[in-house]
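Breakdown of the fold
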Amino acid sequence: MQNGIGRMGWLVLLVASVGVSQCAAQDVAQKSVAGAPPKLDRFEASMLDKSISPCVDFYAYSCSKWQAAHPIPSDMSSVGTWTPLYLWNQTILREALEKAAETPDAKGTEQQVGDFWKSCMNVDERAAKGMQWLAEALKPVDAIKDKKELAGVLAQLHGGIAPAFEGDDNQTSAPMFGFGPTQDLIDSSKVVAGFDQGGLSLASRDYYLNEDEASKKLREDYRKHLVRMFGLAGDGAERAATEAAAVMEIESALAKAQMNGVDRRDPVKTYHKQSLAQIQAALPDFDMAEYLKLSGSPVPPFYIVATLDFFPALDEQIKTRSLDELKSYLRWWTIKSAANKTTPELEQANFDFFGTTLRGVPKMLPQWRRCVGSADAHLGEALGQEYVKIAFPPESKAKALELTNGLREALKQDIGEVDWMTAATKKQAVEKLDAMIEKIGYPDKWRDYSSVKIVPDNYLANVVSANVFEVHRELNKINRPVDKQEWMMTPPTINAYNDMQNNSINFPAGILQLPYFSPTQSDAENYGSMGATIGHEMTHGFDDQGRKFDAKGDLRDWWTEADAKAYEERGACLAAEYTHPVPELGPGVKTDGKRTQGEDTADNGGIHLAMMALENLYKARGKSLDTPEEDGLTARQRFYASYAFSWCESARPDQERMQITTDPHSLNRYRVNTVLSNQAGFAKAFGCKAGQPMVAEPACRVW
Ligand SMILES: [Zn+2]
């Protein structure tokens, strides 16, 4: 169970799920200009818009000039202050990949990343071999004669092209259901196996169920897209239309049976210990024993089923649908999963729907960026070693550790000072904080990819080979002790996360860069941006979900009844504050503060703790935060302005509408304005008075 900062989750998704090819000529042209890495952005007081009052709209005060200077590139769904860093990271990775590809007789990981890069960049070869691969992959689906055989074909898909454990907070993005290792919620030291809802191609159940006109149109566009994709895979028009109808019906039925995002935030609601016999009883028309045998999964003492209602509904589909309909569904998932790795036509078609229609992005990223993203996704810890050598010197790690210690002290102080918590609960909270593991930059022990076969001329085979390795690596965790040192993000990732079941906070080297962090930035800037992120991840350990886990990462209620009630009242204040219409995105579009409660709690706590840490630092030095410096800003003002700057963004409306239904994070403008309007320190920094928009009444606060 993880919760992240969400700086660029969407970009990651976009690179991973949409994609192939413009023409090769464009990539050659891009190559010659890609030489020098782009300049990294950093906070400057001159970027503040003095024509706007900071007490009326701090986001506009901090970001409007930046936004005006940074239109959204045609191949992106949004642009933010993370974008120059993303481009910089990609250039570093590209150089490492090219160097490896050009090394004669390269061995080990160098051979792997170099040949992976070559295979991805060679459009002609990947088209020819990819279509051969797809034709072969569809054969076992087409050959199914009896529903009993579905288990074998699904195990194969889950084990290769469509891994079963990939997904997000709302669903597993794999055909039919998700299956993989999971830590037991009650005893987090045990890794057992878990089943989860899945089976949808669109980002959440809402896309299938909402009845507004925009959603209906989107479903019609999706149906057309299905027809087009079946056609590109070689099916005739009539067959493609029949297949598309079957996929729509099956996915819509599964969407109906899925648990919604708010309920899924409650760990108790997604924890159901079951035996294989119980699971089989819920799904009598699917041979689960055969599926598990073929998946190669070790046999755990029990299984955890996240969503009980989903499996009987899946069974109903298997039972009542014709064999041809079920085969169409599996054909679709095979085609979709391979689409980005085959012909330019299939990749373009995939992008036209998942990129343009769903997110409003006009154009695909150039091929080389997609290939960098793919290498990071499939061989991330091999490539990450090169990134760290260039981008994350020991000084950065030492300074980041200093920041983390400052935040840790601040949270301890905060727990001590809050007036709504009894001493007994405070003691347990401090124990949990003391036990929290921090991981900074990159893993101590790198993943061993030696068994992954990578060839220079078959991209799809390489991706499948990396997926097979990853699926086995995951399944082999079952029945073994948890490796608390493992990372869920690769080193160049511009993001961070809290792993509640391991009680750890994790900051990849990718986010420990400008504009968020640098050993050469002022403390006010580092604390306002990276410090707030570190505080955000720490606070997740004590948000509405995280507070239910103890120091070991076990789901255990360590709160007195009165303290839990006091906590929930505070959480409810935030949930209400973050529930409101967003008229600029259309009539009826509304945020749901219950869905984003964990992230909002972390945002509010994070900035509060970062300010406490900065105050402690200044106090120890005998310095004031309120003395104007050379550019006219006080350190206290610089802290909040750097925080806001780290969230400056422009996003396409389709992207924001999607974010509101699928992302547990609030939109960036609220991550600045709503958060800061709750902070007394902010009002003090800019002299804001009660009644002004940037002063919330009441001010909500948990931490
Ligand atoms: Zn978060």
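Let's shift gears to the packing of aromatic side chains. Tallied over the full model, the rule gives 34 aromatic pairs. Ring geometry for Trp420 and Tyr567: centres 6.1 Å apart, planes at 65°, overall edge-to-face. Taken together, the residues Trp420 in the loop between helix H19 (394–417) and helix H20 (423–435) and Tyr567 in helix H23 (residues 561–577) connect sequence positions 147 residues apart. By relative accessible area, Tyr567 is classed as buried at 2%. Through pairs of rings, three or more aromatic residues link up here, namely Phe177, Phe179, Phe195, Phe286, Tyr291, Tyr303, Phe310 and Phe311. The ring of Tyr670 is capped by Arg669, whose NZ or CZ atom sits 5.6 Å from the centre of that ring.

Helix length check: helix H18 (residues 380–391) (12 residues) gives 15 Å between terminal C-alpha atoms against 16 Å at 1.5 Å per residue, within 8%. Along H18, the residues classified as buried are Gly380, Glu381, Ala382, Leu383, Gly384, Tyr387, Val388 and Ala391. In this structure, the buried side of H18 is in contact with helix H4 (83–102), helix H5 (108–121) and helix H17 (367–378).

Right, let's talk about the pairing of strand S9 (residues 504–508) for a bit. Of all the 5 residues making up S9, 5 are buried; the element is thus mostly covered by neighbouring parts of the structure. Every second residue of S9 is oriented toward a common face, with Ser504, Asn506 and Pro508 on one face and Ile505 and Phe507 on the other, all of them buried. Where strand S7 (residues 437–441) lies against S9, 5 bridges are found, and the strand directions are parallel. Across the sheet, the residue bridging to Glu438 is Ile505, located in S9. Pairing geometry for strand S8 (residues 497–499) and S9, over 3 bridges, is antiparallel.

Attention now goes to the state of the cysteines. Evaluation of the coordinates by the stated rule reveals 4 disulfides. Across the disulfide, Cys55 is cross-linked to Cys688 (sulfur-sulfur distance 2.1 Å). Between Cys55 and Cys688, the S-S dihedral sits near -85°, and the bridge is therefore left-handed. Highlighted residues: Cys55 in the loop between helix H2 (24–33) and helix H3 (58–69) and Cys688 in the segment after helix H28 (680–686), separated in sequence by 633 residues. Disulfide partner of Cys120: Cys371, at an S-S distance of 2.1 Å.

Our focus in this paragraph is the sheet that holds S9. Pairing in this open sheet of 4 strands is mixed, and the strands run S1-S8-S9-S7 from one edge to the other. Bordering the open sheet on either side are strand S1 (2–4) and S7, each of which pairs with just one other strand. Neighbour-to-neighbour, the strand axes of the sheet open up by a mean angle of 15°, direction not taken into account. As paired elements, S1 and S8 share 3 bridges and run antiparallel to each other. Paired with Asn3 across the strands is Asn498, a residue of S8. Contacts from helix H22 (residues 523–540) reach S1, S8 and S9, with the element oriented near 150° to S9.

This part is about the sheet that holds strand S5 (residues 272–274). Pairing within the open sheet is mixed, and its 4 strands lie in the order S3-S4-S6-S5. Each end of this open sheet is capped by a strand with a single partner; those strands are strand S3 (177–183) and S5. For this sheet, the mean angle separating the axes of adjacent strands, direction not counted, is 35°. Bridge count between S5 and strand S6 (residues 303–305): 3 bridges; the pairing is antiparallel. Considered in S6, the bridge of Gln274 is made with Tyr303.

About the thresholds
Residues numbered from 1 in each chain as written. Predicted model: local features only at pLDDT ≥ 70, side-chain atom pairs only at ≥ 80, totals over all residues. Heavy atoms only, no water. Phe/Tyr/Trp six-rings, centres within 6.5 Å; stacked < 30°, edge-to-face > 60°. Helix = DSSP H or I, 4+ residues; strand = E, 2+ residues; numbered from the N terminus. Buried < 20%, exposed > 50% of the residue type's maximum accessible area, 1.4 Å probe, protein only. Lys NZ or Arg CZ within 6 Å of the ring centre and 35° of its normal. Expected span 1.5 Å × (residues − 1). Contact = heavy atoms within 4.5 Å. Pairing = 2+ DSSP bridges. Disulfide = S-S within 2.5 Å. Axes fitted to C-alpha atoms, helices over the stretch in contact; angles between N-to-C directions.

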